[in-house]
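Tertiary structure, described
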Amino acid sequence: MLPVFDNVCCFGLSQDESVAPSGNHAEEEHPCIPPGLSDGETLEMLWQHRKQRRQLSPELPETVTCLTAPDGSILYLVGTAHFSDSSKKDVAMTIRAVQPDVVVVELCQYRVSMLRMDENTLLREAKDINLEKVQQAIKQNGLMSGLMQILLLKVSAHITEQLGMAPGGEFREAFKEAGRVPFCKFHLGDRPIPVTFKRAIAALSLWQKARLAWGLCFLSDPISKEDVEKCKQKDLLEQTMSEMIGEFPALHQTIVAERDIYLTHTLRQATRCVEAPSNGQKVPAVVVGVVGMGHVPGIEQNWEKELNINEILSVAPPSRFGWLLRTAIKGVLMGMLGYACYRAGGGLGRALLSLPAVQSLLDTMRPRPS
């Protein structure tokens, strides 16, 4: 017997992590498959079942924008606030109503782990910014981009701590609901986050980097759940960032405008005709996109434009000044480490040198083979 859900990416989710839908939806979720059907007959039955459940003129939340592709495919774009119970409900209502062929979310492969974590684990992870995370960010993105990622995580952690709510609930809801729709595919639609950070850092002067880091380090304004819902016209995390980076148009360009272009590209790729299982005939696709509300206007503006994403995927090599700065910082750290070992004595000095953080620093100081 073929599986009920075709081509839904699982990302390692266990059965225990799935949550049954509320109300009568669970009872209506799957058709009763009679025994003895062939694979082709089963596929056709599931296809017809989904077709019957798909609403042609659905009543959807105000946060949903409908866009049409040239081939007749339809995109239902759900604008969300990343820390909002209301947004989770909007996503679930939309997917259940339109029974999509594809669901696309504003995530990349570097942030896909939030789909397979439960709420409590995510809450702990978001608040816990430790040395290991700093090392991983620097190793993955380089010194300046890694530190920028940590500072942005601090902003998200601040919001998490204030609200007691883990980020990305609407994406987990989209993943869960997509798994309940026969034949539905689940796509990651955002630009890889290391590219975004490296391009953002490259767009700033040293003075701008210092000012931005200072603002992120001392973020402490209280946030309420009411503030989140007021931000349904602009995502809270992006609004917090835009208020802090308003003086840096180049940073807004890389973090918001360029990602609008990339998201538009991936959403348009998703809105391609799909094949009916019975006869292989191409039919217009129905797609649900789940993105932060701040990206919706940009996606609408770019929807019918010619797009070239190669430019916004390129990362300039580090400047000579950046190399000198990194070398100077590493030199200072090595000097401090050497002095600490000298003061500590032989045994304690060797213990300090064996620490993972120190080993990581020494690794970065070793010359690379040519």
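Across its full length, the protein holds 15 helices and 7 strands. Expressed as a percentage of the 370 residues in the protein, the buried residues total 44%. Taking contacts inside the protein between residues at least 6 apart in sequence as the whole, the part at least 24 apart equals 82%. For the protein, the accessible surface area stands at approximately 19800 Å², while carbon and sulfur atoms represent 56% of it.

The tally for this structure, following the rule as stated, stands at 11 salt bridges. With a shortest N-O distance of 3.4 Å, E173 and K176 are connected by a salt bridge. With E173 and K176 both in helix α6 (residues 169-178) and 3 residues apart, the pair spans about one turn of that helix. Taken together, the salt bridges that share partners define one network made up of E106, R111, D190 and R259.

This part is about helix α7 (residues 193-202). Most of α7 sits out of view: 8 of its 10 residues are buried. Within the sequence span of α7, burial applies to I193, P194, V195, T196, F197, R199, A200 and I201.

Relative to the helices and strands, K305 is located in the loop between α12 (296-302) and α13 (320-344). Expressed as a C-alpha distance, the spacing of K305 and H265, which sit 40 residues apart in the sequence, is 10.0 Å.

Further remarks concern the nonpolar core. Within the largest apolar cluster, 23 residues are counted, with the highest numbers of intra-cluster contacts made by V103, V105, A174, F186 and V288. In this structure, V288 is in contact with L75, Y76, V78, T94, I95, V98, P100, V102, V103 and V104, ignoring residues within four places of it in sequence. Counting 20 residues, the second largest nonpolar core, distinct from the first, contains L77, F183, A270 and A285.

The next thing to look at is the pairing of strand β1 (residues 64-68). Here β1 pairs with strand β2 (residues 74-80) via 5 bridges, running antiparallel. In the strand pairing of β2, C66 is matched with Y76. Hairpin connection from β1 to β2: 5 residues lie between these consecutive antiparallel strands, with G72 at a positive phi of about 95°.

This part takes up the packing of helix α2 (residues 85-98) against α6. With their axes 8 Å apart at the nearest point, α2 and α6 run at an angle of 20° to one another. Considering the angle they form, α2 stands roughly parallel to α6. In the crossing of α2 with α6, the sense of the turn from one axis to the other is right-handed. Seen from α2, the contacting residues are S87, K88, V91, A92, I95 and R96; seen from α6, they are G169, E170, E173, A174, E177 and A178.

With that out of the way, let us pick up the sheet that holds strand β4 (residues 185-188). In spatial order, the strands read β1-β2-β7-β3-β4; together these 5 strands make up an open sheet with mixed pairing. In the strand order of this sheet, the two ends are held by β1 and β4, each with one partner. Going across the sheet, the axis of each strand differs from the next one's by a mean of 20°, ignoring polarity.

Before going further, it helps to spend a moment on the packing of α7 against helix α11 (residues 249-270). It is the contact of α7 with α11, at a shortest axis distance of 7 Å, that shows an interaxial angle of 145°. Remark: the crossing between α7 and α11 carries right-handed chirality. Facing T196, R199 and A200 of α7, the residues of α11 in contact are L251, T254, I255, E258 and R259. Grouping the amino acids of the contact of α7 with α11 by side-chain chemistry returns 3 nonpolar, 2 polar and 3 charged.

As a further point, take the packing of aromatic side chains. Taken as a whole, this structure holds 2 aromatic pairs when the rule is applied. Ring geometry for W47 against F183: centres 5.7 Å apart, planes inclined by 65°, an arrangement best described as edge-to-face. Residue W47 is found in helix α1 (residues 39-53), and its partner F183 is found in the loop between α6 and β4; the two are separated by 136 residues along the sequence. For the pair formed by W47 and F183, the shared burial category is buried. R50 extends its terminal NZ or CZ atom over the ring of W47, reaching a point 4.7 Å from the ring centre.

Procedures and definitions
Residues numbered from 1 in each chain as written. Predicted model: local features only at pLDDT ≥ 70, side-chain atom pairs only at ≥ 80, totals over all residues. Heavy atoms only, no water. Helix = DSSP H or I, 4+ residues; strand = E, 2+ residues; numbered from the N terminus. Buried < 20%, exposed > 50% of the residue type's maximum accessible area, 1.4 Å probe, protein only. Contact = heavy atoms within 4.5 Å. Areas by Shrake-Rupley, 256 points an atom, 1.4 Å probe, with all protein chains shown as cover. Salt bridge = Lys/Arg side-chain N within 4 Å of Asp/Glu carboxyl O. Core = buried A, V, L, I, M, F, W, Y, C linked by side-chain atoms within 4.5 Å. Pairing = 2+ DSSP bridges. Axes fitted to C-alpha atoms, helices over the stretch in contact; angles between N-to-C directions. Parallel < 35°, antiparallel > 145°, perpendicular 65-115°, else oblique. Left-handed = near helix turned anticlockwise from the far one by under 90°. Nonpolar A, V, L, I, M, F, W, Y, C, P; charged D, E, K, R; others polar. Phe/Tyr/Trp six-rings, centres within 6.5 Å; stacked < 30°, edge-to-face > 60°. Lys NZ or Arg CZ within 6 Å of the ring centre and 35° of its normal.

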